[in-house]
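Below, each chain spelled out in residue letters.
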Amino acid sequence: MSLIPEANDARPLIEVHNLWVRYQMRYLSMDAVRGVSFSLGREKLAIVGESGSGKSTVGRALLRLLSENARITADEMRFADVDLLKASERKMQKVRGARISMILQDPKYSLNPVITVGEQIAEAYRVHFKVGRKDARQRTLQMLEAVKIRSPERVYDLYPHQVSGGMGQRVMIAMMLIAEPDVIIADEPTSALDVTVRLQVLAILDDLVRERGIGLIFISHDLNLVRSFCDRVLIMYGGQVMETIAAKDLDNVQHPYSRGLLNSLPSLDMRRDILPVLNRDPEWMKLKEENA
Amino acid sequence: MIEVNNLELSFGEGAGSQQVLCDISFAVGKNEVFGLVGESGCGKSTVLRCIAGLYDHWTGAISVDGRPIGKTLEKSHFRQIQMVFQDPYGSLHPKHTINATLSAPLKIHKVDGIDRRISGILDQVGLPLSCRFRYPHQLSGGQRQRVAIARALILNPKLLLLDEPTSALDVSVQAEILNLLAEIRRERELSYVMVSHDLAVISHLCDRLAVMRQGRIEEILDRDTMLTGQMKGEYTRTLYDASRRYDRTVAQALAGS
Ligand SMILES: Nc1ncnc2c1ncn2[C@@H]1O[C@H](COP(=O)(O)OP(=O)(O)OP(=O)(O)O)[C@@H](O)[C@H]1O
Ligand SMILES: Nc1ncnc2c1ncn2[C@@H]1O[C@H](COP(=O)(O)OP(=O)(O)OP(=O)(O)O)[C@@H](O)[C@H]1O
Ligand SMILES: [Mg+2]
Ligand SMILES: [Mg+2]
């Protein structure tokens, strides 16, 4: 019995309606996500926005991986047949990793420092598939190769502190992919990578969407990258989705915040002496009518 | 303004020694911005550290304003050349107010008019005077990087060495800092050597740039040659293609190579 719709099923993999996340601090509380709604099909969906706009919080809320002081409410938050709001912690553990994987912003902190990276990936594989050590090792080496690690045999035996930032990021990606999830949430997965490696890692994710029909949520602040890599884009500000747009139409966005984000990036296609900066309008913070 | 000739550097000794810089040569004119770009570990920061006098075991020649610099740090050299680092969190002392951070170099070099200079420099880098007696943790990332730039400028250097000055910042804050650097350069007639792994950032600010790979300079070209895609080197083109956008065929070509 599979909970997962077939790859040719057109129903969305993930559906979110009116998601709110409140962080409770000692003296005050803060709504980091305010009324976010979206659905994810077998596509590459980007979430972009400035630092602090709530991108990572949305990603982590889907897996209920937020810190203890966070409170999630929503009208709906579902993955295939799983109600992500009501599912028991035991059920969520099955979803995490096996069905929805998250590639985190800081890979170093998510690897166990006293186990070699190869063993960690192999272990992740054995949790999801009933195979022996030898097969797990074989599959791990294949995965390391798939994420463009040059000498997989050597890297297998390295500890996390012995790999560079970019390599650590690729190890994380290998670990996420080996479980063959249906949805991948990638939080700034390529910011620590060299451009040439970045392109290859993106191609791996791209293939998974095209060939295996997975859904990808790609969190980033690099609009130039998102424009060429993703299908659709959610643009976030102050915990709200300001607009949702097809990536190919990104150049035509109208909202001044979206324009500001786009224009403030230096570009290799256009020479400008002065880069426009964001002039934040208090209006943007106001709760949108549909979210109130 | 600065001339680097045949700079070489290795770490470690004997069989375990690793050559990190190999035959690095370039010259930067007065009021010119020169960029070093390349992938992680290619030696960009190491070049800056040699110029800044943080290493003394290099070979080759470095001269500033026509005067060769020795391998030990002289005070006058230190004053002409200032460095700004990537991390605006790590590079400021957490327990020192902005005022203390900015007055320390003035005191070391026995410069007078400290008060006037500090308010002048805060104004120039676009920080409100109210920041003066705050601590780094009370400032935003962009404001901290402004403080680091103010500290570098306060002794009126001739050359600023900028190591990834915006890579820890949000895109809009990055734009503010890049604009600030462009403005300071116009007003003060400074020269910069700037390092980044981001080709778009380097091509935005720099008049000319060197593309580095594995400790060597692969190509030196000017900005317009880069922006119009007329580079000669194959590696420069690879970086350019990979930086511009996601492109499956480029990715496949890389994977096959
Ligand atoms: N555990 C927490 N407790 C309190 N506030 C938090 C917590 N985690 C995040 N926040 C706040 O929630 C807001 C959204 O944070 P989030 O990490 O989702 O932003 P982001 O869009 O991912 O930013 P970045 O681009 O910097 O990663 C921020 O204002 C942040 O300070
Ligand atoms: N103190 C040191 N001892 C030994 N090796 C070093 C030392 N400092 C740097 N290296 C090595 O020299 C090479 C160049 O390092 P450098 O920091 O200059 O690279 P970079 O181009 O600035 O890279 P990044 O973009 O990652 O900052 C690297 O292989 C690095 O491991
Ligand atoms: Mg984040
Ligand atoms: Mg460096």
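A quick note: this is a predicted structure, and the numbers were derived from the prediction, not measured. (Residues numbered from 1 in each chain as written. Chains lettered and ligands numbered in written order. Predicted model: local features only at pLDDT ≥ 70, side-chain atom pairs only at ≥ 80, totals over all residues. Heavy atoms only, no water.)

Some points on the overall build of chain B
- Check the secondary structure of chain B and you find 10 helices and 10 strands.
- Expected size for 257 residues packed as a compact globule is a radius of gyration near 18 Å; at 19 Å, chain B falls within 12% of this value.
- Seen through its C-alpha atoms, chain B measures out along the principal axes to roughly 60 × 40 × 35 Å.
- Going through the 257 residues of chain B one by one, you find that 53% of them count as buried.
- Restricting the contact set of chain B to residue pairs at least 6 apart, pairs at least 24 apart contribute 65%.
- Counting only carbon and sulfur atoms, one obtains 47% of the accessible surface of chain B, whose full area is about 11,300 Å².
- Considering chain B, the positive charge centre built from 30 side chains and the negative charge centre built from 29 side chains are found 6 Å apart. (Helix = DSSP H or I, 4+ residues; strand = E, 2+ residues; numbered from the N terminus. Rg over C-alpha atoms; globule rule 2.2 N^0.38 Å. Buried < 20%, exposed > 50% of the residue type's maximum accessible area, 1.4 Å probe, protein only. Contact = heavy atoms within 4.5 Å. Areas by Shrake-Rupley, 256 points an atom, 1.4 Å probe, with all protein chains shown as cover. Lys, Arg positive; Asp, Glu negative; His and termini not counted. Charge placed at Lys NZ, Arg CZ, Asp CG, Glu CD.)

Points about the packing of helix α5 (residues 141-153) of chain B against helix α6 (residues 171-188) of chain B
Residue and element names in this part refer to chain B.
- In the contact formed by α5 and α6, the axes pass within 10 Å of each other and the chain directions differ by 20°. Relative to α6, α5 is oriented roughly parallel. For α5 against α6, the interelement crossing comes out right-handed. Taken together, the residues of α6 that come into contact with α5 (itself represented by G142, Q145, R146, I149 and L153) are V173, E176, I177, L180, L181, I184 and R188.
- The residue makeup of the contact of α5 with α6, split by class, is seven nonpolar, two polar and three charged. (Axes fitted to C-alpha atoms, helices over the stretch in contact; angles between N-to-C directions. Parallel < 35°, antiparallel > 145°, perpendicular 65-115°, else oblique. Left-handed = near helix turned anticlockwise from the far one by under 90°. Nonpolar A, V, L, I, M, F, W, Y, C, P; charged D, E, K, R; others polar.)

Describing the packing of aromatic side chains
- The tally for this structure, following the rule as stated, stands at eight aromatic pairs over all chains.
- On the basis of an interplanar angle of 80° and a centroid distance of 4.8 Å, the ring pair of F229 of chain A and Y246 of chain B is categorised as edge-to-face. With F229 of chain A in helix α9 (residues 223-229) and Y246 of chain B in the loop between α9 (234-244) and α10 (248-256), this pair bridges two chains. The same class applies to F229 of chain A and to Y246 of chain B, which are both buried.
- Note on F26 of chain B and F34 of chain B: the rings are 4.7 Å apart at their centroids and 10° apart in plane angle, and the pair reads as stacked.
- Under the relative-accessibility criterion, F26 of chain B is labelled buried at 5%.
- On the basis of relative accessible area, F34 of chain B is assigned to the buried category, the value being 0%.
- By way of ring pairs, the aromatic residues F218 and F229 of chain A together with Y246 of chain B are connected into one cluster.
- One residue, K44 of chain A, lies across the ring of F229 of chain A, its end atom 5.0 Å from the ring centre.
- One residue, R137 of chain A, lies across the ring of Y156 of chain A, its end atom 4.3 Å from the ring centre. (Phe/Tyr/Trp six-rings, centres within 6.5 Å; stacked < 30°, edge-to-face > 60°. Lys NZ or Arg CZ within 6 Å of the ring centre and 35° of its normal.)

Focus on the sheet that holds strand β5 (residues 67-68) of chain B
Residue and element names in this part refer to chain B.
- The four strands are arranged β2-β1-β4-β5 in an open sheet whose pairing can be described as antiparallel. In this open sheet, the two edge strands, each paired with only one partner strand, are β2 (18-28) and β5.
- The sheet contact formed by strand β1 (residues 2-11) and β2 spans seven bridges and is antiparallel. The residue bridging V4 from the neighbouring strand is F26, located in β2.
- Packing of helix α1 (residues 44-51) onto the sheet brings it into contact with β1, β2 and β4 (59-64), and relative to β2 it is tilted by some 65°. (Pairing = 2+ DSSP bridges.)

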